[in-house]
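Report on the structure
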Amino acid sequence: TMKILSVIEEYDACATFFSVGMWAEKYPDELKALSESGRFEIGTHSNTHPDMGNMSAAAITDELETSCDLIEHVTGKRPELFRPPYGSYSDTLIDTAQSLGLTTIQWDVDTLDWKGLSAGDIADRVLGSVRNGSIVLMHNNGEHTAEALPLILEGLKAQGYTFMKTGDMIYRENYEIDHTGRQIRST
């Protein structure tokens, strides 16, 4: 995690870090460093990382409130974004998250860094798939994630891309979600 922070700072980039509540509790110094760097916005990724797509509203509420409380305790800021574990979601999940003040986020470029791919393969997946507005999924515990990050950032900069925190690029009102999960402005 700290190597990822170092690379993000070195390349003058920024990112959104979705923390599991248990991780925030176990690694408060790392989460605080990410938050205080100004380079990362912190969202929640649930408390215990369950598949939340079929959970009840009460169970979802418990997961999200617990994780947000833990993250806020460490960072001093309440998360506004939520990335569901495994990308699994339902209308109940989205509605419950929204009722708690959370915007649910998905991604469109999966690095598969959690599968042990090489740094080059991870970078190739991103550089070959990214487009304007892409959200790239990476994991701080991927075996080669930190090693791939400079390749990705250099490659994207060479292609003319800039970097934004997720919360700075999403619509928060007057939008619809199309069949691919992409936000579009409501007319």
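Residues numbered from 1 in each chain as written. Predicted model: local features only at pLDDT ≥ 70, side-chain atom pairs only at ≥ 80, totals over all residues. Heavy atoms only, no water.

A closer look at the packing of helix H6 (residues 119-127) against helix H7 (residues 145-158)
- Contact geometry of H6 with H7 gives a least axis separation of 8 Å together with a crossing angle of 35°. Of the two elements, H6 crosses H7, and the hand of that crossing is right-handed. Residues Ala119, Gly120, Ile122, Ala123, Val126 and Leu127 of H6 pack against Thr145, Glu147, Ala148, Leu151, Ile152, Gly155 and Leu156 of H7.
- For the contact of H6 with H7, the residue count by class is nine nonpolar, three polar and one charged. (Axes fitted to C-alpha atoms, helices over the stretch in contact; angles between N-to-C directions. Helix = DSSP H or I, 4+ residues; strand = E, 2+ residues; numbered from the N terminus. Left-handed = near helix turned anticlockwise from the far one by under 90°. Contact = heavy atoms within 4.5 Å. Nonpolar A, V, L, I, M, F, W, Y, C, P; charged D, E, K, R; others polar.)

Some points on the nonpolar core
- Judged by nonpolar contacts, the single largest core of 20 residues is most densely connected at Ile8, Phe17, Leu31, Phe40, Ile42 and Leu153.
- Looking at this core, the elements with two or more residues in it are helix H1 (2-10), strand E1 (15-19), helix H2 (21-26), helix H3 (28-37), strand E2 (40-44), helix H4 (57-75) and H7.
- If you tally residues by element for this core, the top one is H1, at four residues.
- Among residues more than four places away in sequence, those in contact with Phe17 are Trp23, Leu31, Leu34, Phe40, Glu41, Ile42, Gly43 and Asn140. (Core = buried A, V, L, I, M, F, W, Y, C linked by side-chain atoms within 4.5 Å. Buried < 20%, exposed > 50% of the residue type's maximum accessible area, 1.4 Å probe, protein only.)

Regarding the confidence of the model for the protein
- Across the protein, the average pLDDT comes to 94, with 99% of residues at or above 70.
- Confidence, expressed as mean pLDDT per element, reaches its minimum in the protein at strand E7 (residues 175-177) with 79 and its maximum at H4 with 98. (pLDDT = per-residue confidence, 0-100.)

Considering the pattern of salt bridges
- Evaluated as defined, the whole model comprises six salt bridges.
- Ionic pairing is found between Glu36 and Lys32, a salt bridge with its closest N-O pair at 3.8 Å. Of the two residues, Glu36 and Lys32 are both situated in helix H3; the distance of four residues between them amounts to about one turn of the helix.
- With relative accessibility at 38%, the residue Lys32 sits in the partly exposed group.
- Arg78 is the partner of Asp69 in a salt bridge, and the nearest nitrogen-oxygen pair spans 2.7 Å. (Salt bridge = Lys/Arg side-chain N within 4 Å of Asp/Glu carboxyl O.)

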